[in-house]
Structures are given as structure tokens and as C-alpha cells.
Protein chains: 2
Amino acid sequence: MLSEKTRFGLDETAIPEQWYNIIPDLKSPLAPPLAPDGGPLDPGQLAAIFPMECIKQEMSPERYIDIPGAVIDVYKTYRPSPLLRAKQLEKDLGLPAGVRIYYKYEGVSPAGSHKPNTAIPQAYYNKQEGITKISTETGAGQWGSALAIAGALFGIDIEVFMVKVSFEQKPYRRILMETYGATVHASPTNLTDSGRRVLGLDPDSTGSLGIAISEAVEVAASRPDTNYALGSVLNHVCLHQTIIGQEAIAQMELAADEPDVVIGCVGGGSNFSGLAFPYYRRKLDGKSSARLVGVEPKACPTLTAGEYRYDLGDEAGMTPQLLMYTLGHDFVPAGIHAGGLRFHGDSPLVSQLLHDGGMEAVAVDQTACFAAAVQFARTEGILPAPESSHAIRAAIDEALAAQAAGEDRVILFGLSGHGNFDLAAYAQYMSGDLKDFDYAAGVVLGGK
Amino acid sequence: MLSEKTRFGLDETAIPEQWYNIIPDLKSPLAPPLAPDGGPLDPGQLAAIFPMECIKQEMSPERYIDIPGAVIDVYKTYRPSPLLRAKQLEKDLGLPAGVRIYYKYEGVSPAGSHKPNTAIPQAYYNKQEGITKISTETGAGQWGSALAIAGALFGIDIEVFMVKVSFEQKPYRRILMETYGATVHASPTNLTDSGRRVLGLDPDSTGSLGIAISEAVEVAASRPDTNYALGSVLNHVCLHQTIIGQEAIAQMELAADEPDVVIGCVGGGSNFSGLAFPYYRRKLDGKSSARLVGVEPKACPTLTAGEYRYDLGDEAGMTPQLLMYTLGHDFVPAGIHAGGLRFHGDSPLVSQLLHDGGMEAVAVDQTACFAAAVQFARTEGILPAPESSHAIRAAIDEALAAQAAGEDRVILFGLSGHGNFDLAAYAQYMSGDLKDFDYAAGVVLGGK
């Protein structure tokens, strides 16, 4: 049985009023984005698809950026998110008192993940600038759902290009977006040049995230009333997520504890940024000496096995080139269940932080993550998203390593979302049918 | 855009330390349960399947009952649950300032509904009394999931008899329970006399909640290490839910507002009890004059169209007889999507409160509930469970009636859970295929 406090509560008045912008604190100047062909980027191309406020944030030298009051009001409907001590998990692992595990849980948001933290301000800024429609792409549907909710709240029409194979295999995610009023297309469509080109070559194409991005960007670029929104990777997206880490710092103070390790899973990088960047600032302030650890799948190990160079954000070459760790923009990762971690590159901010020695990265196997997720569900009661299970795996490994070394260690990890829509993956794991794909060992391709 | 506070936060230290027991405050003495044949009930029959502490609570004269510390510790992992003002919904409805809507949201629990509030103490008391296994039944899976989580947290094996038609149609709910370590059977099974009897008559039986209850009770009654647990109806279950209303009272004080109407959906009655009973006490204290309104489906209108008499709790006659509003224990309601509201009877406590004039009841149509649920999702961001949508419908109707009458009215309703597992129902509603079933108009039977 539990005997001490496990939850560290802030009331709604404790939501931070500013986001933390890591750009001015980076060791080296921010590398600028380049045009798709590698030349200088025309700022007009960004202005055609993003609101000015997001473009400003993308390169802002300000350390703290005010969160608009209307955004805070919506944050308050689900924030502050809980910070909990994993006491039952600690007990199940047989950890000594000096090894403690905490987690910050973003699954209480209406979309069930951290994604609304940026969907809400993006919808708000677009609304402020007179935009009435936002196009976006989605794979499994996490990002599309979050933007559909934000669009409904701010009165913006959301048009989602959903990868056709997911559209057909995951009808519930599509229905969820439609319930919030979004229009959802199975991509490739006949609505865009990009889509028609693909369908011309292969009428039975099941689509890809790269094609869906191309369609969404094309729609935004060709209509004055329509912008485009991205759910990760870009600097302003990482910025919006820093509300997570700022809350966590205040909650860890309520817990009268200080993490030695801060862990988050990394796909595009926004979830990790959200928790870890405010701790990076805390380290600069001399109040923390925490190691910051990004966790990625061995099937798509961008940070641990990628090259640090300029590359495109999509397969088709519609997006700017960004300086980042990349496995190559034509790399197609194996079909692991953590769809949100299947991106060939990474956030430039996270990439630069790693390159400058400000963080570490580890890669883990899919089955080991699901084992950790099931152990977590049975001890802490929450069913984790497959993406989040990567952070749980790394947190457990850190705890066991500290115990083996006879060291004290306080571990904080980000539980970025729940797994209510991922039960087919759990069924596959429990039936013993789940496979591992190790890029470094040459196992690259798997099923969808 | 929003401009005032919408969320009213308590930190985790504000969780009530006692449940509120309405029994001593009822106008008339509690009617005792009777044996299945209508004779006096042998207390030994209860002791064979329930822990003594729950049996004591079932008839306790104490107004407040201490919540064990170990239960509070688990409550703290998801409580206090949020209380929010529905400002965007108010705006969408065009309500004047004097008509305000608040809701208490239980969907943040690990099971996504209010059910863990009683699953946790039931698992705890059983553990304390040396029980190692609990059997139960589940229809769509909400209750089975909550008990599976509680069992995992307290180290008790959970055996769930899941109605076969749901077992086959809703594999994700089954997988969820299995992920938490529960054993799930498709009922009827060959494991019990009750199951074998049914299969003997019809080997292809798809089961019913009545048969599943019989199987679960039989298993508990026949094994000394096994007890049975019920997720609604009984007095101790309603008692455990009163943590909801006590928190709501404290949060409404933070909102500096006081409800004129308190609304909850009613199936077995535990959700309604949880929110409304503490307000009933507040009325006795002279601090509230709120109307308490239970909302039920027109397809199963027990409180508004049932008889107030002794009846069995199940179809097969394995359970005690209870004094309640009932449509008859052999009544099979139409297959509405709010599966949790398809019970032929009601909690004896709720029934007695209605009979004594301490509350009101209304019945609403299924399609009108889904219309309210979609409006709520698009304004407040949360996708409601079909059961909870009944409370939303009634809250909107109250607000519009107040506006039409030119009256001020503060409305508080219980949002008992999220609809993440109910998207097929939303798809049916949005495609226009959803039907209404009005018992009072003679429309009784529908699809499953």
C-alpha cells in the first residue's frame, strides 16, 4: 500500500504565463532554415502558410514569450497536468529509498496527449490573423485530433490529410476528428497536384506522411484564407510545449525533490523539448544538475545513428531544409506501433542541443518498451501510449542501473499520452507476435 | 474567446477524508433487502461474496465514514477531478450572464469514468480481509476495466465474465482488462452451472448481463478465496462515489457560485448519487436549495415510468430483492449506446430519495443526447461518454428553459466519463442512422 503523497498538485492559478524559448541559451547560434533546394529561404514562403506570430517565435531572441490570455484560458481546462510519484512501480521494481521515479502526465488533455499544448496557440494565432481554415497532415491521428479540437474551440475549419492506410485501418481516429467538426481526406487525394501526381502513377497508393504533408502544404500555399500547421519539429512548436517542464519544476518543488535525470521520448522532438528545455534553463541557473535524456526507437534512431546535416523535412521536397540529425529524408522506418516516433529527422533545437553536448540520447527496442508499458499499467494504473512507453523503458533502466551501482538517483520522465487508441498494439505484444527492428543491426524495414 | 477562470482547482491535499452516507438522512427508514424468493435475507449469503466492511457500509447509520488512507493514496493519482465552467458552451447557446453551466469531469481517471472511485475501495477491503480473487460481470467493459485496474494496484486477481456479444464486438475493452492482468471470459461459459445450463439450452447464446451476473456470483459463492464486486446499485457503491459531490461543493465555493440545479445521469444510480447526495446533505444544512435531477434514457425510463416495488437485481433470480423503481427484472431495454443506463431497476437509495420527493427525474431521447454531446465536444473540447451525454442534454434544456423564462439559473452536471471507446456510436449518429426508442410510447425493443 502507498503511504506518502504521490501527486503534487498546483491549482489552475499556477499555470506559467510565459513559454521558455531556448534559442538565446543555445551554445551556438541557431542554424537558419534553407530553401528546399538548399539555397536561401524566401521568408514569403513561410508567410504564405504560417501566421506571423509563429514565424517570429521561430527565430525569437527573447528568452520568455508571453502566452496570450485566451490560450491560458483554454490551457486551464486541462492544465496543470498531474505530476505523480510512481510509488507502486518503484515498489514493484524493488528500488531502494534513494532511487525515486516521478512522471509528468499529459494524457489528461482532451486529445489524450501533449499535442493540444501547441494546437491551441497555433489555432489562436491563426484566428487573430484572420485565417479561417488550417490544413494539416496526420498519420495515426494524434496530431489531427488535437488540431481538430483547437479548431473547434477557436472557430477555424480544419482540413486533415490522413494517410490512406491509417484512414482505413483506424476509423475511430477519423470519426473523432469528424466529431470535432474537421474534414478528413484519405491521402493521396484528387484535390491537389501532389495527390493527383501520386494517383496518376499508382491509383491504389495507400499514401505516406510525406505525401500527406505535400498535399496539406499545397492547399495552404494556394489559398489566401488557409494556413498550414505542424505538430512537432519546428521551433515555435517546441516553444509551446515548454509549459510542461515549467509546471514540472514547480511540482517537483512541492514534492521537495530534484531530478538527477529528466527523460522524454523523441520523435519530432516537441514532447522532449517541452519537459527538458525548462530544466536546461534551470541548469544554467545553477539550480539543477540533471542529465537530459532523449529516448528513441531502435527502428528509427535519428539521434543515436543519424548524421548531423541539412536535410528536407519531408520525402517529396516541399519543405525547407533544416540542420538536424537525420537518417535521410527518403528513409522509411519499420512499422513500429509508436507512429509518432517514426520521423526520419529531428527538431533542429533538439539536434543542436545534442550536438552541443547539452543532452544525451538512447535507443530502445519496441518489445522492451511494451514490457515496460504493461508493468507501468499494472502498477500505476495508466495505460501508456506506445510513444510514451519509450520514456518508461529508459526510466526503469536508469532506476535499475542506479540500484545496481548502489547510487541514489531521482528520475523524472514525461508520460506524453494514454494508449486508449493503441489496444491492438497491446494485443499483439501480449500474444507474443510483436517484432523488433534494429536499424543499427541492419534490420530496417518491417510491416506498416 | 474566454476571459474568466474556467477551472476551479483543488490541490491533492483537498481530497475529502470521509464518504458521505445518506442513509441516516433519508426521510424514511431504509428498506431492507430480501432473499431472492421474497423471504428474509440470510446475512451469511452476503458474507459469502462481499467483504464485511462493505456489508457494514451497506446498512451503516453513520453519516460520515472514514476513507482508508491507502484508498486516499490511490484516489490522489487522479483526484481531485476537475470542475469546469462550460463558458464556450454557454456562449454557443447564447445564454445570458445569469444562466451559467458547470461540470464535474470524472473522465480523467485511469479507466476514463467514475467507476474507479468504488473499484479501489472494494479491492482494498477485499485485500484487507484476505481475499485473493474477485469475480465480476461486465457488459461493454467500463466496470470490468475499473476493477481490473484496482485489482492490479492491490494485488488481487480479477476474473471478469463479459457478455459474449460485447466480448466479440468490443475486443479493445477486453484487451484493456487483460493488459491490466485480469482474466476475461466470454459469458456464458462452461465454468459454471449457470453458464452450462444456458449453453445446454442454446450453444450459440450470445449471453446477457443477467447470465454474466449469475456466473460471477456463482464463482464467488463457491470459492472461499473469491468474492464478488458490483459497480453500481448497492448502497456501499453509492457511498464510495460521494467523493465527487464533496469535491464539487468545495470547487463551486472556489468559483464563488452555488448551483440551483444538480444533474446526473442514472443507470444503476451510483454516478448520480456521487454528485447529488452531498448536495442533498448541503440542503439539509440550509446552505443549498438546489433541485437534484436524475436523467435516464427514454428507452429504459425506470425512474419516470417504473413501479416502486421489490424486485430482483438480475434476470435469473440469483440476487436479493431490493425495493426500487423497476420496469421488471425480465425487461430487456432497446440496444441504445449508453449501455451503462440499460438497467431494469435502480439503486434503492436513489429510488427512495425520488419516492420521498428529495429529487426529480427526467427521461430523454438518444439522438437528442448525441446532438448535445457533439455540441459539447465542439465547444468544451471533451468527447463525452454516451451515458454522460444524458446529463449534458438535461443541462442544456435547463439552461434554455431558464433563458426562455427570463430567469437566472446556475447548473452543475456530472460528466461521468469520456467517449474514447464509443466512437462507433458517434459515427452512427453523424451518419443519421441512430434511432430513438421510447418505452412510454410503446417502442421497447431495438437492436443490440
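Residues numbered from 1 in each chain as written. Chains lettered and ligands numbered in written order. Predicted model: local features only at pLDDT ≥ 70, side-chain atom pairs only at ≥ 80, totals over all residues. Heavy atoms only, no water.

(A) Layout of the overall build of chain A. A tally of regular secondary structure across chain A gives 18 helices and 14 strands. In terms of overall size, chain A behaves like a compact globule, its C-alpha atoms giving a radius of gyration of 21 Å where 448 residues would be expected to give roughly 22 Å. Counting only C-alpha atoms, chain A reaches 60 × 50 × 40 Å along its principal axes. Residues counted as buried form 65% of the 448 residues belonging to chain A. Expressed as a percentage of contacts within chain A between residues at least 6 apart in sequence, the contacts between residues at least 24 apart total 76%. (Helix = DSSP H or I, 4+ residues; strand = E, 2+ residues; numbered from the N terminus. Rg over C-alpha atoms; globule rule 2.2 N^0.38 Å. Buried < 20%, exposed > 50% of the residue type's maximum accessible area, 1.4 Å probe, protein only. Contact = heavy atoms within 4.5 Å.)

(B) Broad picture of the relation of the copies chain B and chain A. Superposition record for chain B on chain A: RMSD 0.0 Å, screw rotation 180°, translation along axis 0.0 Å. As the rotation angle and translation indicate, the two copies are arranged about a two-fold axis. (Least-squares fit on C-alpha atoms with pLDDT ≥ 70 in both.)

(C) Molecular detail of the interface of chain B and chain A. With 53 residues of chain B in contact, the opposing surface of chain A contributes 53 residues. Summed over both partners, the interface of chain B with chain A buries about 4400 Å², with 61% contributed by carbon and sulfur atoms. Inspection of the chain B/chain A interface yields 12 residue pairs in polar contact (both at pLDDT 80 or more). Taken together, the elements giving at least two residues each to the side of chain B that touches chain A come down to α3 (69–75), α5 (116–128), α6 (142–154), α8 (171–179), α16 (366–380) and α18 (423–430) of chain B. (Buried area = accessible area lost by both parts, 1.4 Å probe. Polar contact = N/O pair within 3.5 Å; in protein donor to acceptor, adjacent residues only side chain to side chain.)

(D) How the structure looks around the sheet that holds strand β13 (residues 360–364) of chain B. Residues and elements named next belong to chain B. With mixed pairing, 6 strands are arranged side by side in an open sheet as β3-β4-β14-β9-β10-β13. Only two strands of the sheet have a single neighbouring strand rather than two, namely β3 (83–85) and β13. Each strand of the sheet is rotated relative to its neighbour by a mean of 25°, with strand direction disregarded. Bridge analysis of strand β4 (residues 99–105) against strand β14 (residues 409–415) gives 7 bridges, and the strand direction is parallel. Within β14, the residue paired with V99 across the bridge is R409. With respect to the sheet, helix α12 (residues 243–254) is in contact with β3, β4 and β14, its orientation differing from that of β4 by roughly 135°. (Pairing = 2+ DSSP bridges. Axes fitted to C-alpha atoms, helices over the stretch in contact; angles between N-to-C directions.)

(E) Representation of α16(B) within the structure. All names here are of chain B. Its 15 residues give α16 an end-to-end C-alpha distance of 20 Å, which sits within 8% of 21 Å, the value for a rise of 1.5 Å per residue. For α16, the complete set of buried residues consists of Q366, C369, F370, A372, A373, V374, F376, A377, T379 and E380. Where α16 ends, the next residue or the one after it, G381, has phi of about 90°, a positive value. (Expected span 1.5 Å × (residues − 1).)

(F) Molecular detail of unusual backbone geometry. Going from S187(A) to P188(A), the amide bond is cis rather than trans, its omega being 10°. Cis geometry marks the peptide bond from R79(B) to P80(B), where omega comes out at -5°. With respect to the helices and strands, P80(B) occurs in the loop between α3 and β3. The phi dihedral of V233(A) falls on the positive side, at around 70°, and the residue is not glycine. Inspection of the secondary structure assignment puts V233(A) in the loop between β8 (226–228) and α11 (235–241). In this structure, A256(A) is a non-glycine residue whose phi angle is positive, near 55°. With respect to the helices and strands, the residue A256(A) is situated in the loop between α12 (243–254) and β9 (261–265).

(G) The packing of helix α8 (residues 171–179) of chain A against α18(B), seen in detail. Put simply, α8(A) and α18(B) touch, their axes get as near as 9 Å, and they point 55° apart. In terms of axis orientation, α8(A) runs oblique to α18(B). The element α8(A) and its partner α18(B) pack so that their crossing is left-handed. Only L423(B), A424(B), Y426(B), A427(B) and M430(B) of α18(B) make contact with α8(A), whose side of the interface consists of Y172(A), I175(A), L176(A), E178(A) and T179(A). When its residues are assigned to classes, the contact of α8(A) with α18(B) shows 8 nonpolar, 1 polar and 1 charged. (Parallel < 35°, antiparallel > 145°, perpendicular 65-115°, else oblique. Left-handed = near helix turned anticlockwise from the far one by under 90°. Nonpolar A, V, L, I, M, F, W, Y, C, P; charged D, E, K, R; others polar.)

(H) Representation of the sheet that holds strand β13 (residues 360–364) of chain A. Residues and elements named next belong to chain A. Spatial strand order, β3-β4-β14-β9-β10-β13: 6 strands in an open sheet with mixed pairing. Each edge of the sheet is formed by a strand with only one pairing partner; in this case those strands are β3 (83–85) and β13. Averaged over all pairs of adjacent strands, the angle between their axes in this sheet comes to 25°, without regard to strand direction. Strands in contact with α12 are β3, β4 (99–105) and β14 (409–415); relative to β4, the strand with the most contacts, it is inclined by about 135°.

(I) Seen up close, empty space enclosed by the protein. All told, the structure shown has 8 cavities of 30 Å³ or more when counted by the stated rule. Taken as a whole, the largest cavity encloses approximately 530 Å³ of empty space. Taken together, 43 residues make up the lining of the largest cavity; nearest its centre are G107(A), V108(A), G107(B), V108(B) and S109(B). When contributions to the lining of the largest cavity are tallied by element, the ones reaching two or more residues are β4 of chain A together with α8 of chain B. Split into classes, the residues belonging to the lining of the largest cavity amount to 24 nonpolar, 14 polar and 5 charged. Its volume calculated, the second largest cavity comes out at about 160 Å³. Taken together, 21 residues line the second largest cavity, and the ones lying closest to its centre are R7(A), L10(A), P80(A), R7(B) and L10(B). Class assignment of the residues belonging to the lining of the second largest cavity gives a composition of 9 nonpolar, 6 polar and 6 charged. (1 Å grid on protein atoms, 1.4 Å probe; cavity = no way out; pocket = protein on both sides within 12 Å on 5 of 7 lines; lining within 4 Å. Points joined across faces, edges and corners; volume = space filled by probe spheres on them.)

(J) A look at the pairing of β14(B). Residues and elements named next belong to chain B. Within β14, 7 of the 7 residues are buried, leaving the element largely enclosed by the surrounding structure. Side chains R409, I411, F413 and L415 of β14 all project onto a buried face; the interleaved residues V410, L412 and G414 project onto the opposite face, where all are buried too. Strand direction decides the pairing type here: strand β9 (residues 261–265) and β14, joined by 3 bridges, are parallel. Its bridge partner being in β14, I263 is matched across the sheet by F413.

(K) Molecular detail of the side chain of H185(A). Residue and element names in this part refer to chain A. Mapped onto the secondary structure, H185 falls in strand β7 (residues 183–187). At 2.9 Å, the side chain of H185 and the side chain of E159 are in polar contact. Not counting residues up to four positions away in its chain, the partners in contact with H185 are E159, V160, F161, M162, F167 and L191.

(L) Spotlight on the environment of P297(A). Residues and elements named next belong to chain A. In this fold, P297 is placed in strand β10 (residues 291–297). For the pair formed by P297 and I244, sequence separation is 53 residues and the distance between their alpha carbons is 23 Å. With sequence-adjacent residues up to four places away left out, P297 is seen in contact with V266, I336, L341, A363, V364 and H390.

(M) Region of the structure containing the environment of G267(B). Topologically, G267(B) is positioned in the loop between β9 and α13 (270–284). Every residue in contact with G267(B), bar those within four places of it in the chain, is listed here: G340(B), L341(B), F343(B), G345(B) and D346(B).

(N) Region of the structure containing the packing of aromatic side chains. Residues and elements named next belong to chain A. Going through the model one piece at a time under the given rule, you end up with 24 aromatic pairs over all chains. Relative to Y325, the ring of Y308 has its centre 4.9 Å away and its plane inclined at 35°; by these criteria the two rings are tilted. Separated by 17 residues along the polypeptide, Y308 in strand β11 (residues 307–312) and Y325 in strand β12 (residues 321–326) bring together distant segments of the chain. Residue Y325 is classed as buried on the basis of its relative accessible area, which comes to 10%. A centroid spacing of 5.9 Å and a plane angle of 25° characterise the contact between F370 and Y429, whose relative ring orientation is stacked. Here F370 is found in helix α16 (residues 366–380), whereas its partner Y429 is found in helix α18 (residues 423–430), with 59 residues between them in sequence. (Phe/Tyr/Trp six-rings, centres within 6.5 Å; stacked < 30°, edge-to-face > 60°.)

(O) Here's a closer look at the pattern of salt bridges. Under the defined criterion, the tally for this structure stands at 44 salt bridges over all chains. E360(B) serves as the salt-bridge partner of R291(B), at 2.8 Å between the closest nitrogen and oxygen. One end of the pair, R291(B), is in strand β10 (residues 291–297); the other, E360(B), is in strand β13, with 69 residues separating them in the sequence. Residue class for E360(B) comes out partly exposed when judged on its relative accessible area of 30%. When salt bridges with common partners are traced through the structure, they connect R291(A), E360(A), E398(A), E407(A) and R409(A) into a single cluster. (Salt bridge = Lys/Arg side-chain N within 4 Å of Asp/Glu carboxyl O.)

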